[in-house]
Amino acid sequence: MTESVPTISGLSAIADRFDVILCDVWGVLHDGVRAHVGAGEALIRFRALPGGTRPRRVVLVSNAPRPWEGVRTILDGYGVPRDAYDAILTSGDLTRSLLAEAPGTRIHHLGPERDAPIFADLDIRLVAAEEAERVVCTGLFDDTRETADDYRPALEEWRARDVPMICANPDLVVERAGLLIPCAGLIAEAYAALGGRVAYAGKPYRPVYAAALAMAGALDGLAAPEPGRVLAVGDALRTDIAGASAFGIPNLLVARGIHAEELGVSTEEAALGDVAAWLGRQSVRPDAIIERLVW
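Everything numeric in this text was worked out from a predicted model, so none of it was measured.

### Considerations on the packing of helix H6 (residues 206-218) against helix H7 (residues 237-247)
Direction vectors running N to C along H6 and H7 enclose 75°, while the axes themselves pass 9 Å from each other. Classified by the interaxial angle, the pair formed by H6 and H7 is roughly perpendicular. Facing Arg-206, Tyr-209, Ala-210 and Leu-213 of H6, the residues of H7 in contact are Thr-239, Asp-240, Gly-243, Ala-244, Ala-246 and Phe-247. For the contact of H6 with H7, the class distribution of residues is 6 nonpolar, 2 polar and 2 charged.

### Concerning the environment of Pro-117
Within the secondary structure, Pro-117 sits in the loop between strand S5 (106-110) and strand S6 (125-126). Note: C-alpha distance between Pro-117 and Glu-69 (48 residues apart in sequence) is 9.9 Å. Sequence-distant contacts of Pro-117, defined by excluding residues within four places in its chain, comprise Pro-67 and Arg-96.

### Thoughts on the side chain of Asp-31
Inspection of the secondary structure puts Asp-31 in the loop between strand S2 (20-23) and helix H1 (39-47). Despite its burial, Asp-31 pairs with no opposite charge, the nearest such side chain being Arg-34 at 4.3 Å. From its side chain, Asp-31 meets the backbone nitrogen of Val-33 in a polar contact 2.9 Å long. A polar side-chain atom of Asp-31 sits 3.0 Å from the main-chain amide nitrogen of Arg-34.

### Some points on the packing of helix H4 (residues 152-160) against helix H5 (residues 184-193)
Running from N to C, H4 and H5 cross one another at 50°; their axes reach a closest spacing of 10 Å. Between H4 and H5, the angle falls in the class oblique. In the packing of H4 onto H5, the handedness of the crossing is right-handed. Between H4 and H5, the residues in contact are Leu-155, Trp-158 and Arg-159 and Ile-187, Ala-190 and Tyr-191, respectively.

### With respect to the nonpolar core
In terms of nonpolar packing, the biggest core is built from 30 residues, with Leu-11, Cys-23, Leu-60 and Leu-293 touching the most fellow members. At the level of secondary structure, the elements contributing two or more residues to this core comprise S2, H1, strand S3 (57-62), helix H2 (68-78), strand S12 (230-234), strand S13 (251-254) and strand S14 (288-290). For this core, the element with the highest residue contribution is H1, accounting for 4 residues.

### Some points on the side chain of Thr-239
For Thr-239, the position within the fold is in helix H7. We classify Thr-239 as buried; its relative accessible area is 3%. When residues no more than four places from it in sequence are discounted, the contact partners of Thr-239 are Asn-63, Asp-171, Lys-203, Pro-204, Tyr-209 and Ala-244.

What counts, and where the lines are drawn
Residues numbered from 1 in each chain as written. Predicted model: local features only at pLDDT ≥ 70, side-chain atom pairs only at ≥ 80, totals over all residues. Heavy atoms only, no water. Axes fitted to C-alpha atoms, helices over the stretch in contact; angles between N-to-C directions. Helix = DSSP H or I, 4+ residues; strand = E, 2+ residues; numbered from the N terminus. Parallel < 35°, antiparallel > 145°, perpendicular 65-115°, else oblique. Contact = heavy atoms within 4.5 Å. Nonpolar A, V, L, I, M, F, W, Y, C, P; charged D, E, K, R; others polar. Buried < 20%, exposed > 50% of the residue type's maximum accessible area, 1.4 Å probe, protein only. Lys, Arg positive; Asp, Glu negative; His and termini not counted. Salt bridge = Lys/Arg side-chain N within 4 Å of Asp/Glu carboxyl O. Polar contact = N/O pair within 3.5 Å; in protein donor to acceptor, adjacent residues only side chain to side chain. Left-handed = near helix turned anticlockwise from the far one by under 90°. Core = buried A, V, L, I, M, F, W, Y, C linked by side-chain atoms within 4.5 Å.

The values reported here are purely geometric and, on their own, carry no functional implication.
Written as structure tokens, this is what we have:
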């Protein structure tokens, strides 16, 4: 524990301070293989809390490069109960909104075929790389073997033509069964380093938080909740914590996520210890830390 960043044992210690939870998905609710024990129950119990200034709501906010329905299907398969949340907002949803603003655009999809639903029913033309007016990056074609360097020739060609890119998943890495898997954010970062224009859909950027709060309010026909009555829960400092902090939303870092190895909890038997030294090396600090999301 540190004086400025408390470590809490369960969500119940702070839950009654908030009306809405914006909860990350990958790393908090599941590890890319199965649901984390206790996480869904914690959100169910939060939603059932009496009192509050408005109904308690949970909005899942994910940097998944696909529409929210696809994320719900994945969560079903992992065993995350649907009564743990009220709504889902994805970076894929935000990407679709950006594409809808420019009908008829020639789009090149940089990413695996599994992300193709992001383009469903949109007025766009999917074209080869050399014909693109805009690139949508959803990830690496083979995230088990490739790196951003594998895409450098294509990135250089697009930069020479000043082709803008939409990054549909700003994450650099995610955890999959204990391994860190590269994401679209790495390719977007490489493109930006070449001078390429990149628009990011998702955390840590402000539009996703504004949309999530509006969604939470709309569930009850109300205005968006005050940021101070919202808790953002996530496992990544760079996206979940930095984004919430910049928006003025209190936040809770889940240690057993992408920072698990740094925090010494990459094995089940390990317990979270003193995190002061680690926090001192970071550019952003969470408001509180929890080992895993439990009640």
